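What follows is the residue order along each chain.
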Amino acid sequence: MRKSDFDYFLPPERIAQTPAQPRGASRLLHLDGATGALRDMQFAELTSLLRSGDLLIFNDTRVIPARLFGAKDSGGRVELLIERLLGDRRVLAQVHASKSPKPGSRLQLEGGVTVRVLVRRDEFFELEFEITEPLLEMLDRIGHVPLPPYIQRADDAADRACYQTVFAREPGAVAAPTAGLHFDEAMLARLRAMGVEFGYVTLHVGAGTFQPMRAEEIEGYRLHTEYLRVGAEVCGQINAA
């Protein structure tokens, strides 16, 4: 199987650059599992497809402001895209610059934050922030929403809320679990009133989701890894359902 087997043309004008307003103002494709029939619907009609006792599993990951801008000591511009939080001050990140930084060098970011380059790990770098404030607070202060590369605009203040599910609670993702973006509080309330149950897993979507596949042959290609937690509670819900 080859990567080119999946090539198709997507007209640029069909790629939305801003989210639907309200959240649920989107289309829904219904696949009948028994017959294979397809039906075009609206997301607001989801309630007609569910019943009391059904279980919906949501990804409760929370997107962090993972894109950072700054410069190397030499003055060259640099952009960081955090892949994973490793501790109180360390992260794994993509570093975009005209020339890759060397271990031991420092990067000067917006807001007066200094980052030390520890080691390179394949296409990522392990970095340490020289900060006294909590890492997540620092990211909230100077970080930018990591919009996907097919969104051809800079992030703005509204993206902090729009590029986040309404049930996000566990910080760590650098890309939104996009299927969940369609749910708003009103839809969740309607589903609860119907007797639909909710369960939660945590999958921190990583920066590798933005990376193109560079090999033509799919067999044997190694994908990036992501953090996943499936707790005993949700396993019990799934078994019961």
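Figured I'd write up the structure that's included with this text. Treat the numbers as computed from the prediction; the structure is a model and nothing was measured. (Residues numbered from 1 in each chain as written. Predicted model: local features only at pLDDT ≥ 70, side-chain atom pairs only at ≥ 80, totals over all residues. Heavy atoms only, no water.)

In this section: the pairing of strand β8 (residues 106-109). A regular strand places its side chains so that they alternate between the two faces of the sheet. Only one face of β8 is buried, namely the one carrying L107 and L109, since none of R106 and Q108 on the opposite face is buried. Relative to β8, strand β5 (residues 67-72) is paired through three bridges, and the arrangement is antiparallel. Following the sheet pairing, K72 is matched in β8 by L107. (Buried < 20%, exposed > 50% of the residue type's maximum accessible area, 1.4 Å probe, protein only. Helix = DSSP H or I, 4+ residues; strand = E, 2+ residues; numbered from the N terminus. Pairing = 2+ DSSP bridges.)

The next subject is the sheet that holds strand β13 (residues 227-229). The mixed open sheet is built from three strands, whose spatial order is β3-β12-β13. Each edge of the sheet is formed by a strand with only one pairing partner; in this case those strands are β3 (55-59) and β13. Averaged over neighbouring strand pairs, the angle between their axes works out to 25° when direction is ignored. As paired strands, β3 and strand β12 (residues 197-204) are joined by five bridges and run parallel to one another. From the neighbouring strand, N59 faces β12, where its bridge partner is V201. Relative to the sheet, helix α4 (residues 232-240) contacts β3 and β12, its axis offset from that of β12 by approximately 135°. (Axes fitted to C-alpha atoms, helices over the stretch in contact; angles between N-to-C directions. Contact = heavy atoms within 4.5 Å.)

Right, let's talk about the sheet that holds β5 for a bit. One closed barrel accounts for six strands, arranged β5-β6-β7-β10-β9-β8; its pairing is antiparallel. Strand-to-strand twist in this sheet, taken as the mean axis angle between neighbours without regard to direction, amounts to 45°. In terms of strand pairing, β8 meets strand β9 (residues 113-121) through four bridges, oriented antiparallel. Bridging from a neighbouring strand, R106 pairs with R116 of β9. In the packing of helix α1 (residues 135-142) onto the sheet, contacts are made with β5, β6 (77-85), β7 (90-97), β8, β9 and β10 (124-130), and the angle to β6 comes to roughly 140°.

Counted according to the given criterion, the structure contains 17 salt bridges. Of the charged contacts, one joins R214 and E123 as a salt bridge, the two residues approaching to 3.2 Å between their closest N and O atoms. Of the two residues, R214 is situated in the loop between β12 and β13 and E123 in the loop between β9 and β10; the sequence distance between them amounts to 91 residues. Its salt-bridge partner being R153, residue D159 comes within 2.9 Å of it at the nearest N-O pair. (Salt bridge = Lys/Arg side-chain N within 4 Å of Asp/Glu carboxyl O.)

As a further point, take a nonpolar patch on the surface. A cluster of nonpolar side chains, L29, L31 and L38, forms an exposed patch at the surface whose accessible area comes to about 340 Å². For L29, the position within the fold is in strand β1 (residues 27-31). Using a relative accessible area of 57% as the deciding quantity, one classes L29 as exposed. (Patch = residues over 30% accessible without salt bridge, like charges linked within 9 Å, V, L, I, M, F, W, Y side chains within 5 Å. Areas by Shrake-Rupley, 256 points an atom, 1.4 Å probe, with all protein chains shown as cover.)

Turning next to the nonpolar core. Core analysis: the biggest nonpolar cluster contains 36 residues, and L68, L80, L109, L127, F129, M138 and Y163 have the highest contact counts within it. For this core, the secondary-structure elements that each account for two or more residues are β6, β7, β8, β9, β10 and α1. Ignoring anything within four residues of it in the chain, the contact list for L80 reads A66, R67, L68, Q94, V95, L107, L109 and L127. Grouped together as the second largest cluster of nonpolar side chains are 13 residues, M41, F43, L46 and L188 included. (Core = buried A, V, L, I, M, F, W, Y, C linked by side-chain atoms within 4.5 Å.)

For helix α3 (residues 185-194), the complete set of buried residues consists of M187, L188 and L191. The arc that holds every buried residue of α3, seen down its axis, measures 100°, which confines them to one face. Within two residues after α3, G195 carries a phi angle of roughly 95°, on the positive side. (Arc of directions from axis to C-beta.)

Here the focus is α1. Side chains of residues three or four places apart in an α-helix project in the same direction, reflecting 3.6 residues per turn. Every buried residue belonging to α1 is among L135, M138, L139 and I142, and all of these are buried. Projection of α1 onto a plane perpendicular to its axis shows the buried side chains occupying an angular sector of 100°, all on one side.

Tallying each qualifying case throughout the model produces six aromatic pairs. With 4.5 Å between their ring centres and 35° between their planes, F58 and F167 make a pair best called tilted. With F58 in strand β3 and F167 in the loop between α2 (159-162) and β11 (170-173), this pair connects stretches of sequence that are 109 residues apart. F58 sits in the buried class, given a relative accessible area of 5%. A residue is classified by how much of its surface remains accessible, and F167, at 10% relative accessible area, is buried. Pairwise contacts between aromatic rings join F43, F58, F167, F183, F198 and Y200 into one cluster. Note that R169 overlies the ring of Y200, its terminal NZ or CZ placed 4.3 Å from the centroid. (Phe/Tyr/Trp six-rings, centres within 6.5 Å; stacked < 30°, edge-to-face > 60°. Lys NZ or Arg CZ within 6 Å of the ring centre and 35° of its normal.)

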